[in-house]
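Architecture at a glance
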Amino acid sequence: MKIKRKERSPLYQYDELAKSVVYTSKGSKVVLAEKGADLQLIGEGRSAFAFRIRGTDLVLKVFFPQFEMIAAEEAEIYIQLKGNPFFPSMHESGSNYLVIDYVQGTTLFNCLVKGIPIAAGHIKEVDDALQLAREKGLNPSDIHLRNIIITPEGKVRLIDVARFRQTKKCSQWEDLKMAFEKFYRHERFPKKVPVHVMNLIAFFYKKGLLPSFD
């Protein structure tokens, strides 16, 4: 009689996938040394790398060893955001990882690089998403062009919520809105911007070297 093999639980599979990710240091930079064959690297952040799990619409976000404490913090934030349609849902979490929805689409950063139009309606959707987050007791922070995605259906989704519990006021999104109104909507503003120019603008913004919008 053939014994039917017991299927492993999704939690066990996610845990094994997370364990397959090995980071190493190269000076002050963290680099990916190893990963499981079922993981496709799709994003590199300051505290974690994101991998799409092949054959699924899920993302495994694995935090660097020195930032593992952020995994629990971000998991709690996703629980607070449950039901907010502008953010991916969280399916599982572990000591150093999260499993969330894969969001297909183009970031606002790449929209500018590729010349894909950004509409006033998209800006309004981001405002709505952030307001719903505030109503859950959160303080949305670190909202930048690489964290806002326009889906193939033209809808807005936001990712990376690790800093949504900061107590200080973050003006990043308000600055981006002002730039949209003052520059992007101007008829002479180029709707396609080279990536090196975008990176330069981001660098000067972070250093506080851009002129005030006032």
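In case you missed it, the structure is sitting above this.
Given the structure is predicted, the values throughout are model-derived calculations rather than measurements.

Considering the sheet that holds strand 8 (residues 106–107)
Reading across from one edge, 8-9-10 is the order of the 3 strands in this open sheet, with antiparallel pairing throughout. Since the sheet does not close on itself, it has two edges, and those belong to strand 8 and strand 10 (156–158), each with one partner. Direction of pairing for strand 8 relative to strand 9 (residues 148–150): antiparallel, over a ladder of 2 bridges. Bridge pairing links Thr 107 to Ile 149 in strand 9. On the sheet, helix 4 (residues 120–135) packs against strand 9 and strand 10 and is oriented at approximately 40 degrees with respect to strand 10.

Some words on the environment of Ile 201
Summarising the element assignment, Ile 201 is placed in helix 6 (residues 195–206). Residues Ile 201 and Ala 129 lie 72 residues apart in sequence; the distance between their C-alpha atoms is 25 Å.

Topic: the pairing of strand 3 (residues 39–44)
Sheet analysis places strand 3 next to strand 4 (residues 48–53), joined by 5 bridges and oriented antiparallel. Counterpart to Gly 43 in the pairing with strand 4 is Ala 50. Between the antiparallel neighbours strand 3 and strand 4 lie 3 residues.

What counts and how
Residues numbered from 1 in each chain as written. Predicted model: local features only at pLDDT ≥ 70, side-chain atom pairs only at ≥ 80, totals over all residues. Heavy atoms only, no water. Pairing = 2+ DSSP bridges. Helix = DSSP H or I, 4+ residues; strand = E, 2+ residues; numbered from the N terminus. Contact = heavy atoms within 4.5 Å. Axes fitted to C-alpha atoms, helices over the stretch in contact; angles between N-to-C directions.

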